[in-house]
Amino acid sequence: MVVDNKATVTYVQLIKEDLVIIRIVPKDGPVPDFQAGQFLTLGLPNPLDGDKIVRRAYSIASHPENKEYIEFVIRWVRKPLPGRLTTQLFNVKEGDEILWLKPAGKALGISEELPNGEKDTRRIVCIGGGTGLAPFVSFAQHFHDTNDKREIVILHGASYVDELSYKDMLTGFEDESNAKGKDEWNFKYRAAISRPQEWFNRSWAGQIGRVETFLRPRDNGLSPLEELVGGKITQENTIFYVCGWQGTIDGVMDFLNPKGFVTQHDKREDGSFEVKYESYG
Ligand SMILES: Cc1cc2nc3c(=O)[nH]c(=O)nc-3n(C[C@H](O)[C@H](O)[C@H](O)COP(=O)(O)OP(=O)(O)OC[C@H]3O[C@@H](n4cnc5c(N)ncnc54)[C@H](O)[C@@H]3O)c2cc1C
Ligand SMILES: NC(=O)c1ccc[n+]([C@@H]2O[C@H](COP(=O)([O-])OP(=O)(O)OC[C@H]3O[C@@H](n4cnc5c(N)ncnc54)[C@H](OP(=O)(O)O)[C@@H]3O)[C@@H](O)[C@H]2O)c1
């Protein structure tokens, strides 16, 4: 039988009508240990279904070193029918009780070691579509807090500029990287807006199109990602982590497959791979 833990909702930040940041604090113990990239299952009794508990997985956006709270960024699913849990989550207030199951998930675990036992020092490129950014917000804070010297690039794709949920934090990390120097903290963040023609996005001057367009080579043979990092992306120098719609994973692999990159799912006989992903249909 599933035993739900209890938590208190301590922070609700409505970014827009269908996008929210929520923090919870466990009631009966500390914030559990977890790995950056994992998800946790949230639950609430559904009054429309005899108070049966509806549980769903949510990527943890806070980092393992943060023992104050657990943070999530959640989309209200409205179509074709209002989602059972998200409709309830969008009515939750600070102080309310919520249920949770322990953190889980290995798909986006950070690679620390190559199959030959050597330390994995490859550049890390994280590609998040929409709320698929969440695990990489955890990555960024984790690498920052643990003083990890690897090069980290975070690419976020959203339909609208007001959905760039962690723009302030991630821009701050890049500013700090520029100020301290790459040997101390090597971090870059860029976003792509996929509906640039819409009036609301009229002030956008960055990358346009879906997030995978960062990998499309320009006339000079280099992709915007390669221009950003200042060199060719190869199997030897880069590992990718991707989270978002299956179409985003497929779009990324359309660029990476011809270069010989393989996913962990399809890893080579020697155990090597260059892409980890978690998709949501
Ligand atoms: C590993 C993992 C991590 C995740 N992380 C996040 C995250 O960080 N943030 C986030 O926002 N989401 C995340 N999700 C998605 C989340 O788990 C839920 O799937 C999502 O929030 C929808 O839940 P729901 O109960 O509101 O929708 P559901 O009620 O489960 O509905 C799902 C879909 O079915 C449709 N539907 C519902 N009832 C019917 C019906 N009777 N007939 C036809 N269609 C119907 C809905 O319109 C919707 O499109 C994650 C999922 C996974 C697997
Ligand atoms: N780990 C997980 O499994 C996980 C994590 C987070 C969220 N989720 C779930 O994912 C769902 C939607 O996420 P969201 O609302 O954050 O996404 P979204 O805002 O609808 O989309 C984010 C970006 O992905 C693009 N996109 C949409 N559909 C696509 C497709 N089929 N192929 C490629 N790109 C596509 C969008 O482009 P356009 O502007 O062109 O549409 C936009 O640029 C939510 O219901 C959430 O519950 C799952």
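Because the structure is predicted, anything quoted here is derived from the model rather than measured.

S.K.: How would you explain the overall build of the protein chain if you had to name every residue and give the values?
M.R.: A count of helices and strands for the protein chain gives five helices and twelve strands. Over its C-alpha atoms the protein chain spans a radius of gyration of 19 Å, differing by no more than 12% from the 19 Å that the globule rule assigns to 281 residues. Per-residue burial over the protein chain gives 33% buried out of 281 residues. A separation of at least 24 residues holds for 64% of the contacts in the protein chain among residues at least 6 apart in sequence.

S.K.: Which residues make up the pairing of strand S5 (residues 70-75), and what values do they have?
M.R.: With five of six residues buried, S5 lies mostly within the body of the structure. As defined by bridge partners, strand S2 (residues 19-26) adjoins S5 across six bridges and the pair is classed as antiparallel. The residue bridging Val20 from the neighbouring strand is Ile74, located in S5.

S.K.: Residues and numbers for the pairing of strand S1 (residues 5-16), please.
M.R.: Here S1 pairs with strand S6 (residues 97-104) via four bridges, running antiparallel. Each bridged residue has a counterpart across the sheet, and for Ala7 the counterpart in S6 is Ile98. Pairing between S1 and S2: eight bridges, direction antiparallel. Paired with Ala7 across the strands is Pro26, a residue of S2. Adjacent in sequence and paired antiparallel, S1 and S2 are bridged by two residues.

S.K.: So what about the domain arrangement of the protein chain? Which residues, and what values?
M.R.: Under the domain assignment used here, the protein chain contains domain 1 (5-104) and domain 2 (123-279). The centre of domain 1, based on its C-alpha atoms, is set 25 Å off from the matching centre of domain 2. The interface of domain 1 with domain 2 comprises 17 residues on the first partner and 14 residues on the second. Only S1, S2 and S5 provide two or more residues apiece to the side of domain 1 that touches domain 2. It is S5 that provides the largest number of residues to the side of domain 1 that touches domain 2, a total of four residues. When grouped by side-chain class, the residues that make up the side of domain 1 that touches domain 2 number ten nonpolar, four polar and three charged.

S.K.: Account for the site of ligand 1, with residues named and values stated.
M.R.: Neighbouring ligand 1 are 23 residues, the closest being Ser59, Gly83, Arg84, Leu85 and Thr86. For the shell around ligand 1, the secondary-structure elements that each account for two or more residues are strand S4 (52-59), S5 and helix H1 (84-89). Considering each element in turn, the shell around ligand 1 owes the most residues, five residues, to S4. In terms of residue class, the shell around ligand 1 is built from 13 nonpolar, five polar and five charged. Here the shell around ligand 1 spans two domains, since at least three of its residues come from each of domain 1 (5-104) and domain 2 (123-279).

Rules used throughout
Residues numbered from 1 in each chain as written. Chains lettered and ligands numbered in written order. Predicted model: local features only at pLDDT ≥ 70, side-chain atom pairs only at ≥ 80, totals over all residues. Helix = DSSP H or I, 4+ residues; strand = E, 2+ residues; numbered from the N terminus. Rg over C-alpha atoms; globule rule 2.2 N^0.38 Å. Buried ≥ 20, exposed ≤ 12 C-beta atoms within 10 Å, placed from the backbone. Contact = placed C-beta atoms within 7 Å. Pairing = 2+ DSSP bridges. Domains from an automatic or database assignment. Nonpolar A, V, L, I, M, F, W, Y, C, P; charged D, E, K, R; others polar. Near = placed C-beta within 6 Å.

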